[in-house]
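# Report on the structure
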Amino acid sequence: MREPLPARRPWRPLAPALVFMAGALFLVAKGNLLATASPAPATPEKALIYAGWYGNTIPTPSYIASNQDFLESQPFNGMVVYLRNPSMSINATTGVMTNSALSYASISSVLDPIRNLAFTHLLENFAYVVGNSPPDFFDDWSVPIQNFANLAHALKDAGIKGIFFDNEEYFSPWAAYPLGVSYPLTPLADYQSQARLRGKQVMEAMVAQFPDIVVLTLHGPYISEPAAPWQLGFPSVVDYNALMGPFFAGFQEGKGSQATNVDGGELYWLRSASEFQDSYNWRRYDMASSAVNCAFLPPALRATWSDSISIGFGVYDQPSGGRTVSPSSLTTTLANALQQSDRYVWFYTETMTFLAPESAGGATQTWIDAVAAALPAASVPPANPPAPLPSPTVSGTGEEARSSCGLLGIEVIPIMLAIGFLRARRRRKAG
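Counting of residues starts from 1 at the beginning of each chain's written sequence and follows it residue by residue. Restriction of local features to residues with pLDDT of at least 70 applies here, the model being predicted, together with a cutoff of 80 or more for giving and counting side-chain atom pairs; totals for whole chains, interfaces and linings are based on all residues. Side-chain numbers come from the whole structure's heavy atoms, not from hydrogens or water.

## Some points on the packing of helix α11 (residues 327-340) against helix α12 (residues 365-372)
Close contact between α11 and α12 brings their axes to 8 Å; oriented N to C, the two are set at 25°. By the angle between their directions, the pair α11 and α12 is classed as roughly parallel. Viewed along their axes, α11 and α12 form a crossing whose handedness is right-handed. Where α11 abuts α12, its residues Pro327, Leu330, Thr331 and Leu334 lie against Thr366, Trp367, Ala370 and Val371. Considered class by class, the residues forming the contact of α11 with α12 number six nonpolar, two polar and no charged. To get an axis, fit a line to the C-alpha atoms, keeping to the stretch in contact for a helix; angles then go from 0 to 180 degrees between the N-to-C directions. A run of H or I in DSSP becomes a helix once it reaches four residues, and a run of E becomes a strand once it reaches two; helices and strands are each numbered from the N terminus. Angular relationships are summarised with four words: roughly parallel below 35 degrees, roughly antiparallel beyond 145, roughly perpendicular across 65 to 115, and oblique for the angles in between. Throughout, a crossing is termed right-handed when the near helix is turned clockwise from the far one, and left-handed when it is turned anticlockwise from it by less than a right angle. Two residues qualify as a contact provided that any one of their heavy atoms is within 4.5 Å of a heavy atom in the partner residue. Classification used: nonpolar for Ala, Val, Leu, Ile, Met, Phe, Trp, Tyr, Cys and Pro, charged for Asp, Glu, Lys and Arg, polar for all others including Gly.

## Remarks on the packing of aromatic side chains
Ring geometry is summarised as follows: Phe, Tyr and Trp rings, the Trp one being its six-membered ring, pair when their centres sit within 6.5 Å, and such pairs are stacked at plane angles under 30 degrees, edge-to-face over 60 and tilted between the two. Under the definition given, this model contains 30 aromatic pairs. Pairing phenylalanine 76 with phenylalanine 347 gives two aromatic rings, centres 6.5 Å apart and planes at 20°, and the pair type is stacked. Taken together, the residues span a long stretch of sequence, with phenylalanine 76 in the loop between α3 (68-72) and β2 (78-81) and phenylalanine 347 in strand β9 (residues 344-349) at a distance of 271 residues. Comparing phenylalanine 76 with phenylalanine 347 shows no difference in burial state: the two are buried. Seen from their ring centres, phenylalanine 164 and tryptophan 346 are 5.4 Å apart, and the 85° between their planes marks the pair as edge-to-face. Residue phenylalanine 164 is found in strand β4 (residues 162-166), and its partner tryptophan 346 is found in strand β9; the two are separated by 182 residues along the sequence. Like tryptophan 346, phenylalanine 164 is buried. An aromatic cluster is built from Trp53, Tyr82, Tyr128, Phe164, Tyr268, Tyr316, Trp346 and Tyr348, whose rings are joined through pairwise contacts. Here arginine 283 stacks its cationic end above the ring of phenylalanine 313, 4.9 Å away from the centre of that ring. To sort residues, take the accessible area from a 1.4 Å probe on protein chains only and compare it with the maximum for the residue type: under 20% means buried, over 50% means exposed, and anything in between is partly exposed. Placement of a positive charge over a ring is assigned whenever Lys NZ or Arg CZ falls within 6 Å of the ring centre and within 35 degrees of the normal to the ring plane.

## Observations concerning helix α8 (residues 244-254)
For α8, the tally of buried residues reaches 10 of 11 residues, placing the bulk of the element in the interior. Residues of α8 that are buried: Met244, Gly245, Pro246, Phe247, Phe248, Ala249, Gly250, Phe251, Gln252 and Gly254. Lining the buried residues of α8 we find β4, α7 (188-209), β5 (214-217), β6 (260-263) and α10 (299-308). Glycine 256 occupies a position one or two residues after α8 and carries a positive phi of about 70°.

## Things to note about the pairing of β6
Pairing analysis gives four bridges linking β5 to β6, with the strands arranged parallel. Paired with threonine 217 across the bridge in β6 is aspartate 263. Think of it like this: strands point away, you trace from the first strand over the helix to the second, and a clockwise trace means the crossover is right-handed. What joins β5 to β6 is α8, and the crossover it makes is right-handed. Looking at chain direction, β6 and strand β7 (residues 310-311) are connected through two bridges and run parallel. Bridge assignment links aspartate 263 to a residue of β7, and that residue is isoleucine 311. Here the rule is simple: two strands pair whenever DSSP picks up at least two bridges between them.

## Notes on the confidence of the model for the protein chain
The predictor rates its confidence in each residue with pLDDT, a number between 0 and 100. Residues of the protein chain with pLDDT of at least 70 account for 77%, and the chain-wide mean is 84. This model gives residues 1-38 a pLDDT under 50, and the stretch forms six contacts once residues within four places in sequence are excluded. This model gives residues 384-413 a pLDDT under 50, and the stretch forms 56 contacts once residues within four places in sequence are excluded.

## Looking at the sheet that holds β2
The nine strands are arranged β7-β6-β5-β4-β3-β2-β1-β9-β8 in an open sheet whose pairing can be described as parallel. The open sheet has two edge strands, β7 and β8 (313-316), and neither has a second partner. Inspection of the sheet shows strand β1 (residues 47-52) paired to β9 by six bridges, in the parallel sense. Along β9, the bridge assignment pairs tyrosine 50 with phenylalanine 347.

## Topic: unusual backbone geometry
Of note, the bond from tyrosine 177 into proline 178 is cis; its omega dihedral lies within 30 degrees of zero at 5°. Its place among the elements puts proline 178 in the loop between β4 and α7. The backbone of asparagine 293 shows a phi angle near 55°, a positive value even though the residue is not glycine. Relative to the helices and strands, asparagine 293 resides in the loop between α9 (273-286) and α10. We classify asparagine 293 as partly exposed; its relative accessible area is 47%.

## Some thoughts on the packing of helix α6 (residues 142-158) against α7
The relative placement of two packed helices comes down to the angle between their axes together with the axis-to-axis distance. Taken N-terminus to C-terminus, the directions of α6 and α7 make an angle of 30°; their axes are 8 Å apart at the nearest point. In terms of orientation, α6 and α7 fall into the roughly parallel class. The two elements α6 and α7 meet at a crossing, and its hand is right-handed. Judged by residue contacts, Ile145, Phe148, Ala149, Ala152, His153 and Lys156 of α6 engage Gln201, Val202, Ala205, Met206 and Gln209 from α7. Of the residues in the contact of α6 with α7, the class split is seven nonpolar, three polar and one charged.

In structure tokens form, the structure reads like this:
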């Protein structure tokens, strides 16, 4: 958007010739301004989000700021941002959902490198938050609730769309019952109600700071519902995740009228249009139906569920459920997911990265084209991407001196290895 023109001074009547000349000059100038001004980028109807940390390329705010032109040449509408500062003294991605306080100022400082970036294509960026080690649902949650509120405030001020909440149990069995709770003699129904309350409190705290925040949770409430049909691809892992669904249901209760609560659909084995549609229908309509009679969805929430929930999908670059992945099948899968989702589809990669050019070990043009082919034409960045990124160095100080690629802090390596290992283990159990 152009800067507004300075306020005009009151004018006095001029001779007709001068009026004509001034008018002509104004029209010429206006035409030049309109010809050179960049229109405000349009928000896409469907959004494909890149969520990848393959290799040692981590999308921290500093990395994104340094490589914005290249990243915006990739076929995505947004990306997931790993919230860690260059000195590695603050990591909001792993720190928010803990009992250690994170201030607004600390989180905001992490986002400083991308605060004023004018994105052209990456308009739907999300902050990565992992389920860590929160207190037991019956213990004091004041610190993590305030952490989430501070995060939402910082994201709003920095122009980030919302939170990409990876709710798997990488650090502790925070959502498992009875093995992961502090009071195993307390009935499951009581824990479900308490987990829902905590989810509601977290969402209400975020909405108070960021009313139209988008919270995309990777596993929706199906992960805790015993009646979720395995025939539609829902994993049978309720015993390990009994309280994830209630926590998500609390998000739905606390979101108000402006926020968006997304069931992210980490169901990587879906392929055909009918499979995505069947999954969509069950999660939107059947989940809250009297036939399923979900124990952690109260009547009031069931009544509004289908009208207010947002359904998304996750797509993976590795075989899942015995189904392989090729460039052509990836195009079809992404296209089917985008077609059926309400808005958001996220692409998680573990065999390639779209954060670096092919010459630096990034995805080949074949895979880039496969992703681009799934997007509506208006969502694809223009051809002729910028020149490859310069070769990284290890000289200097700060983040660039701590990694051969200037991207990865050493503390991230075990986290990402753990995430990859646990995801693979869950896929094997589900398969």
